[in-house]
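# Tertiary structure, described
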Amino acid sequence: MSDMTSPDAVAGRIVEELGVTLATVTIAVGVRAGLWTALAGAGPLGPEELAERTGVAPVLAREWCRTQAAGGYLRLAGDSDAQGERYVLPDEVAAVLVHGPLGGLVDAAMTMMAATGQRFDEFTTAFAAGRGFGWTERADGHAHGVDMFTRAALAPGFLAAAVRACDPGVAAALDAGGALLDVGCGYGAPTLTLAEEFPAAAVTGCDFHDASIVAARKAAAEGGLAQRVRFEVATAAQAPAVTGGYALVVFVDSLHDLGDPAGALARARELLAPGGAVLLIEPRAADGVVANLNPVGRMFYAVSTMFCTPTAVAQGGPGSPLGTLAGPAALTRVAAQAGLAQVRELPVEAPFNLVLELRR
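Residues numbered from 1 in each chain as written. Predicted model: local features only at pLDDT ≥ 70, side-chain atom pairs only at ≥ 80, totals over all residues. Heavy atoms only, no water.

### Notes on the environment of P310
Structurally, the position occupied by P310 is in helix α15 (residues 295-315). For P310, a relative accessible area of 8% translates into the label buried. (Helix = DSSP H or I, 4+ residues; strand = E, 2+ residues; numbered from the N terminus. Buried < 20%, exposed > 50% of the residue type's maximum accessible area, 1.4 Å probe, protein only.)

Right under this line is the structure:
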């Protein structure tokens, strides 16, 4: 972190922050315009060559390249001042932005920020007044951005590995036709992924946001899963029951968005079949604030401030919202309040997520 011990240092830091914020927007522009893809593996390219490959105006390609070079994402090739500007996309950057998930995550975050910007006056008025800001108050693009973020963040095979890391009886029950519930399913990406992994299972997704359920039902129909996967508009406290109970209830990055997380887990406990479990996936965090004061924590605290916690506050509830970086101790306490006293962290490779199995 920059030195903050003088007014000049603080001013410099703010200028730095403005540059980072605006440059992040240009990263998303590059994703959508195909600039990163065009540069990947291409060797040195001048702005005119990049423009020919993408259709972007040469002068815009030039300014975009200069922005990314200032941020260290592109490298100037040779003596560009003497020979003309040519830029190289390092393989390490391409691995993350083109071939990895981060390009999609930046694009998703930009979509969410753009939606917030459309109603920024309303958001800041609500924030200053001490009240929340619910999903129905946000612009339509917000839910789409959340879905984009979820899809980009879900590594292939991650959810299946998490389920199979639970007590073996859970996966066995699903393989044998047991029921699964996804609480806070949004557009249904995790729900449909699990339905594909467990083709014998009866799968249900629920969410309080009716527009998201419409999108989820459409996705199920397009994926040929509408006959086996149902989506219902319901809050976590009113999650739908099934005869015999659920072998597994999952919360994929949704518990911290709820105004009454203990109540949501208590309802999940009520819905479990004998031997069933709750699979809780939350952002990975330390239990203390100090240990989270790092770049990843900074990102998630900002997400919590702008998106997740205002949503939870808008719902109300008997307790306090968790915040996006709750940490294992707080999650364990909430689980115990809900009657889920057995908490086990699952050995699943998930650098950004904490994956917990909860049982009675």
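### Considerations on the layout of surface pockets
In this structure, the second largest pocket encloses a volume near 210 Å³. What lines the second largest pocket is simply R151, L154, A155, P156, G157, F158, L159, A160, A189, L192, T193 and E197. Taken together, the elements giving at least two residues each to the lining of the second largest pocket come down to α10 (158-165) and α12 (189-197). Tallying contributions element by element places α12 first for the lining of the second largest pocket, with 4 residues. Its residues assigned to classes, the lining of the second largest pocket shows 8 nonpolar, 2 polar and 2 charged. (1 Å grid on protein atoms, 1.4 Å probe; cavity = no way out; pocket = protein on both sides within 12 Å on 5 of 7 lines; lining within 4 Å. Points joined across faces, edges and corners; volume = space filled by probe spheres on them. Nonpolar A, V, L, I, M, F, W, Y, C, P; charged D, E, K, R; others polar.)

### Quick word on the pattern of salt bridges
Throughout the structure, instances matching the rule amount to 16 salt bridges. In this structure, the salt-bridge partner of R230 is E232, at a minimum N-O distance of 2.2 Å. For R230, a relative accessible area of 31% gives the class partly exposed. Two residues, E357 and R344, come together in a salt bridge whose shortest N-O distance is 2.7 Å. Of this pair, E357 sits in strand β9 (residues 353-359) while R344 sits in strand β8 (residues 342-345); the two residues are 13 residues apart in sequence, bridging distant segments of the chain. When its relative accessible area of 3% is taken as the criterion, E357 is described as buried. (Salt bridge = Lys/Arg side-chain N within 4 Å of Asp/Glu carboxyl O.)

### Points about the packing of α10 against α12
The N-to-C vectors of α10 and α12 enclose an angle of 65 degrees; their axes lie 9 Å apart at closest approach. As the angle between them shows, α10 and α12 are arranged roughly perpendicular. Considering only the axes of α10 and α12, their crossing is right-handed. Along the contact surface, α10 presents L159, A160, V163 and R164, while α12 presents P190, T193, L194 and E197. (Axes fitted to C-alpha atoms, helices over the stretch in contact; angles between N-to-C directions. Parallel < 35°, antiparallel > 145°, perpendicular 65-115°, else oblique. Left-handed = near helix turned anticlockwise from the far one by under 90°. Contact = heavy atoms within 4.5 Å.)

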